[in-house]
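# Observations on the three-dimensional arrangement
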Amino acid sequence: MPIYEFDCTDCGEEFEKLVRMSAIDDVTCPNCGGKQVKKKLSIFASSSGSSSSSASSSASSASCSTGGG
Ligand SMILES: [Zn+2]
């Protein structure tokens, strides 16, 4: 039996419960005892990799002055 996460819409209690798929509707909130609980969906790990690299090339001019007498 998998553990499902529930979220009570009545008191906002979040709890985990070991229930069957058919018994999900019979889950009650352990905090307030309400039946207004909804199963939390599996959260997919969404990782958005955004790499921005700004390359700025600066031209540096080296001036070499030679003073000769
Ligand atoms: Zn509750």
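Quick note: structure is the one above.
In this report, we go over the structure that sits alongside the text. (Residues numbered from 1 in each chain as written. Predicted model: local features only at pLDDT ≥ 70, side-chain atom pairs only at ≥ 80, totals over all residues. Heavy atoms only, no water.)

So, about the coordination of the zinc ion. With distances of 2.2 to 2.3 Å, the protein atoms coordinating the zinc ion are Cys 8 (SG), Cys 11 (SG), Cys 29 (SG) and Cys 32 (SG). Geometry at the zinc ion is tetrahedral, judged from the 4 donor atoms that bind it and their angles of 106 to 115 degrees at the metal. Taken in sequence order, the residues that donate to the zinc ion follow the motif C-x2-C-x17-C-x2-C. Taken together, the residues Cys 11 in the loop between strand 1 (3–8) and strand 2 (14–18) and Cys 29 in the loop between strand 2 and strand 3 (37–39) connect sequence positions 18 residues apart. Of the residues examined, Cys 11 reaches a relative accessible area of 37% and is grouped as partly exposed. (Donors = N, O, S within 2.8 Å, 3.2 Å for Na, K, Ca; no water. Tetrahedral: all angles 85-135°; square planar, octahedral: opposite > 155°, others 65-115°. Helix = DSSP H or I, 4+ residues; strand = E, 2+ residues; numbered from the N terminus. Buried < 20%, exposed > 50% of the residue type's maximum accessible area, 1.4 Å probe, protein only.)

Summarising the element assignment, Ile 24 is placed in the loop between strand 2 and strand 3. Placed 18 residues apart in sequence, Ile 24 and Phe 6 show a C-alpha to C-alpha distance of 9.3 Å. In this structure Ile 24 touches Tyr 4, Phe 6, Val 19 and Lys 39, once residues within four positions along its chain are discounted. (Contact = heavy atoms within 4.5 Å.)

Time to look at the nonpolar core. Counting residues in hydrophobic clusters, the biggest one holds 9 residues: Tyr 4, Phe 6, Cys 8, Phe 15, Val 19, Ile 24, Val 27, Cys 29 and Val 37. Residues in contact with Cys 29, not counting those within four places in the same chain, are Cys 8, Cys 11, Glu 13, Phe 15, Gly 34 and Val 37. (Core = buried A, V, L, I, M, F, W, Y, C linked by side-chain atoms within 4.5 Å.)

The next thing to look at is the packing of aromatic side chains. In this description, a pair of aromatic rings is defined by centroid distance and the angle of the planes. In this structure the tally under the stated criterion is 1 aromatic pair. On the basis of an interplanar angle of 20 degrees and a centroid distance of 5.6 Å, the ring pair of Phe 6 and Phe 15 is categorised as stacked. No difference in accessibility class separates Phe 6 from Phe 15, as the two residues are buried. (Phe/Tyr/Trp six-rings, centres within 6.5 Å; stacked < 30°, edge-to-face > 60°.)

Let's shift gears to the sheet that holds strand 2. Pairing in this open sheet of 3 strands is antiparallel, and the strands run 2-1-3 from one edge to the other. Among the strands making up the open sheet, the edge pair consists of strand 2 and strand 3. On average, each strand axis in the sheet is tilted by 35 degrees relative to the strand beside it, whichever way the strands run. By the bridge criterion, 3 bridges tie strand 1 to strand 3 in an arrangement that is antiparallel. Within the sheet, the bridge partner assigned to Cys 8 lies in strand 3 and is Val 37. (Pairing = 2+ DSSP bridges. Axes fitted to C-alpha atoms, helices over the stretch in contact; angles between N-to-C directions.)

All right, on to the pairing of strand 1 then. Relative to strand 2, strand 1 is paired through 5 bridges, and the arrangement is antiparallel. Of the residues in strand 2, the one forming a bridge with Phe 6 is Phe 15. The turn linking strand 1 back onto strand 2 is made up of 5 residues, and Gly 12 within it adopts a positive phi angle of 85 degrees.

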